[in-house]
Amino acid sequence: MPFARSLRLQSLPPYLFSEIDKKKKALFAAGKDVINLGVGDPDQPTPKFIRDAMREAIDNPTFHRYPLDEGLLEFREAVARYYKRRWNVTLDPATEIYPVIGSKEAVFHFPLAVCNPGDAVLIPEPGYPPYRSGTVFADATPILMPLRKENGFLPDIAAAHTNKAKLLWVNYPNNPTGAVASKKWMQDTVNFALKHGIILASDSAYCETYYEEPPTCLFQLDGGKECGIEFHSLSKTFNMTGWRIGWAAGNRDLIAALAAIKSNADSGQFMALQKASAVALDQGDEESKKIREMYRKRRDTFVAAMQKVGIAAEKMPATFYQWTPVPKGMKSVDFITLLLEKANVVTTPGIGFGPSGEGYFRVALTQTEERIREACERIAKAIS
Ligand SMILES: Cc1ncc(COP(=O)(O)O)c(C=O)c1O
C-alpha cells in the first residue's frame, strides 16, 4: 500500500550525502582498505573493569526486570559523587539526576517536554543534528546560531534571540568544532537565560575529552540550576557508544518534565548496565585520563601532518574532532569526495552540520595513531 511519511518527517532538511554514501559503500564492497575518520565512534574497547562489572551485574536476577522511570539509585548516586568530585557540585540523586538511554534520545526528546507549537529553540550551527530534529518534532521552530572561527565558535545568542525563544542549546566541548567555552561565557549565558526566561540546555557529551582546562559545569555557576539542565553520556568518556547510557541533571522541574516524556516513550535502561555504569563513574577517572591522552597524541599527529602539506589544521582544545579548513576555493563536499576517492579516507564535510560549516571538514580521531598517520600520508599524496 502506498503511504506518505508524516509532515514532521518531511519537514526535516533533506539528506545531502546519498551520493557520497554510495561511493563509500562501493569502496567497502570492493574490499578497499578504507580509513574511516568519519564517525565519532571510539575504536578502542570499553575498559575491562567496566566489562567485568557488567558481567557480574548480569547474573543478578533483580536486574532482569523492568527498570522503570528513575532506575537504579546506585547509578544516580554515582552520578552525584562524580559531580561532587569533579566540580564540587551537589545534586540530589532523587530529583536532580535522571538516567537516559544514551544522551541522544534525551536531547531529541527534551523539546517535547518543554516546548509548545510556535516556541522558538536557539540552536548552534554547525551542530549535532538532534537539536534541530527534536525541535521540529515538537512543532517548535529552530533558530540557528552560527558558530564562526572569529568568535571562537561561540554563538551570538543576543543576536539570535526572539521573544518566542523557549529553549537554548549549548554544546561545549563542541561537536563538530572542538571548541570550548570559558567559565565567563557560560556565566554570561546563564545570566542571559535567566533574564529572558529561557531554558538553558547544555550538552556535555564531551566533557571528559579536553586537552587544556577542564570544561565548566552549569551548576558551578550562579543561577545555573535555576534555568539549566545538562545532558551527559558515558559513550565517549569510556568507549561505550554501543551500551547506550547517559544522564540528564539539573533543575528538578526540567528533570521531571523529561521524565514524564520518557515514561511515555520507554521503560528505562537495563539495570545491570546502570550498575556497571555506576562502577565506571566511581572508578573511571584514571581510565578517562588515559583515553584523553591517547586522543591528544592522535590530534598532535594529525595536525602536524596536515600543516606539513599546507592544510591549515589547528590543535582543537577539546573533543576527538579536528575541525579543519578545506583548501581555499574548494567546497567541503568536493574536498571530502577527493579524499574518499583518491585516498580512501572517510571524513565529513562541514556543510553536513549546517551552512556555517562550509569551508571545513571534520576528522574524527577514532583510529589508532598509526592509521591516522597512514591516512595523513594518503591525504598528502591525494592533494599534491
Ligand atoms: C554533541 C553530541 N551530543 C550527544 C551525543 C550522543 O551521544 P550518546 O547518545 O551516545 O550518549 C553525541 C554523539 O555523537 C554528540 O556528538
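Only a predicted model underlies this, so the values are computations on that prediction, with no experimental measurement involved.

K.L.:
Would you explain the site of the ligand in this entry?
P.N.:
By nearness alone, 14 residues border the ligand, and Ser 103, Asp 203, Ser 233, Ser 235 and Arg 244 come closest of all. A distance of 2.7 Å separates an oxygen atom of the ligand from a polar backbone atom of Ser 103. In the environment of the ligand, an oxygen atom lies 2.6 Å from a nitrogen or oxygen atom belonging to the side chain of Ser 235. Taken by itself the ligand offers 400 Å² of open surface, and the protein chains cover 93% of this. Judged by the proximity of its atoms to the pocket grid, the ligand belongs to the largest pocket. A breakdown of the residues in the shell around the ligand according to their chemical character gives 4 nonpolar, 6 polar and 4 charged.

K.L.:
Mind showing me how you'd approach the sheet that holds strand β12 (residues 360–364) here?
P.N.:
The strands making up a sheet associate through hydrogen bonds between their backbones, and the pairing can be parallel or antiparallel. Taken together, 3 strands build an open sheet; the order of strands is β9-β12-β11 and the sheet is antiparallel. The open sheet has two free edges, formed respectively by β9 (321–325) and β11 (348–349), since each of these has just one partner strand. In this structure, β11 lies alongside β12, joined through 2 bridges in antiparallel fashion. Residue pairing for β12: Thr 348 is matched across the bridge by Arg 362. Helix-sheet contacts for helix α12 (residues 285–308) involve β9 and β12, and the interaxial angle to β9 is about 15 degrees.

K.L.:
So what exactly am I meant to see when it comes to the packing of helix α5 (residues 103–114) against helix α10 (residues 252–265) here?
P.N.:
Each pair of packed helices gets described by two things: the angle between the helix axes and the distance between those axes. Closest axis-to-axis distance for the α5/α10 pair is 9 Å, and the angle between their directions is 105 degrees. Judged by the inter-axis angle, α5 sits roughly perpendicular to α10. Along its contact with α5, which presents Glu 105, Ala 106, His 109, Phe 110, Leu 112, Ala 113 and Val 114, the element α10 presents Leu 254, Ala 257, Leu 258, Ile 261, Lys 262 and Ala 265.

K.L.:
Would you mind showing me how to read the layout of surface pockets here?
P.N.:
To find the voids left in a structure, one rolls a probe of water-molecule size over its atoms. Computed from the structure, the largest pocket encloses a volume of approximately 1400 Å³. Taken together, 50 residues line the largest pocket, and the ones lying closest to its centre are Tyr 128, Pro 129, Pro 130, Gly 352 and Phe 353. Residue assignment for the lining of the largest pocket shows that the elements contributing at least two residues are α2 (18–29), α5, β3 (120–125), α6 (130–137) and β11. For the lining of the largest pocket, the element with the highest residue contribution is α6, accounting for 4 residues. Here the lining of the largest pocket is composed, by residue class, of 25 nonpolar, 15 polar and 10 charged. For the lining of the largest pocket, the two domains that each supply at least three residues are domain 1 (7–45 + 286–383) and domain 2 (48–284). Roughly 220 Å³ of internal volume is contained in the second largest pocket. What lines the second largest pocket is a set of 20 residues, among which Tyr 82, Arg 86, Glu 208, Asp 285 and Ser 288 lie closest to the centre. Where the lining of the second largest pocket is concerned, the elements lending two or more residues are α4 (73–87), β7 (228–233), α11 (271–283) and α12. Of the residues belonging to the lining of the second largest pocket, the class tally is 9 nonpolar, 5 polar and 6 charged. Here the lining of the second largest pocket gathers at least three residues from each of two domains, domain 1 (7–45 + 286–383) and domain 2 (48–284).

Rules of the game
- Residues numbered from 1 in each chain as written.
- Predicted model: local features only at pLDDT ≥ 70, side-chain atom pairs only at ≥ 80, totals over all residues.
- Heavy atoms only, no water.
- Near = heavy atom within 4 Å.
- Polar contact = N/O pair within 3.5 Å; in protein donor to acceptor, adjacent residues only side chain to side chain.
- Areas by Shrake-Rupley, 256 points an atom, 1.4 Å probe, with all protein chains shown as cover.
- 1 Å grid on protein atoms, 1.4 Å probe; cavity = no way out; pocket = protein on both sides within 12 Å on 5 of 7 lines; lining within 4 Å.
- Sits in = over half its atoms within 2 Å of the grid points.
- Nonpolar A, V, L, I, M, F, W, Y, C, P; charged D, E, K, R; others polar.
- Pairing = 2+ DSSP bridges.
- Helix = DSSP H or I, 4+ residues; strand = E, 2+ residues; numbered from the N terminus.
- Contact = heavy atoms within 4.5 Å.
- Axes fitted to C-alpha atoms, helices over the stretch in contact; angles between N-to-C directions.
- Parallel < 35°, antiparallel > 145°, perpendicular 65-115°, else oblique.
- Points joined across faces, edges and corners; volume = space filled by probe spheres on them.
- Domains from an automatic or database assignment.

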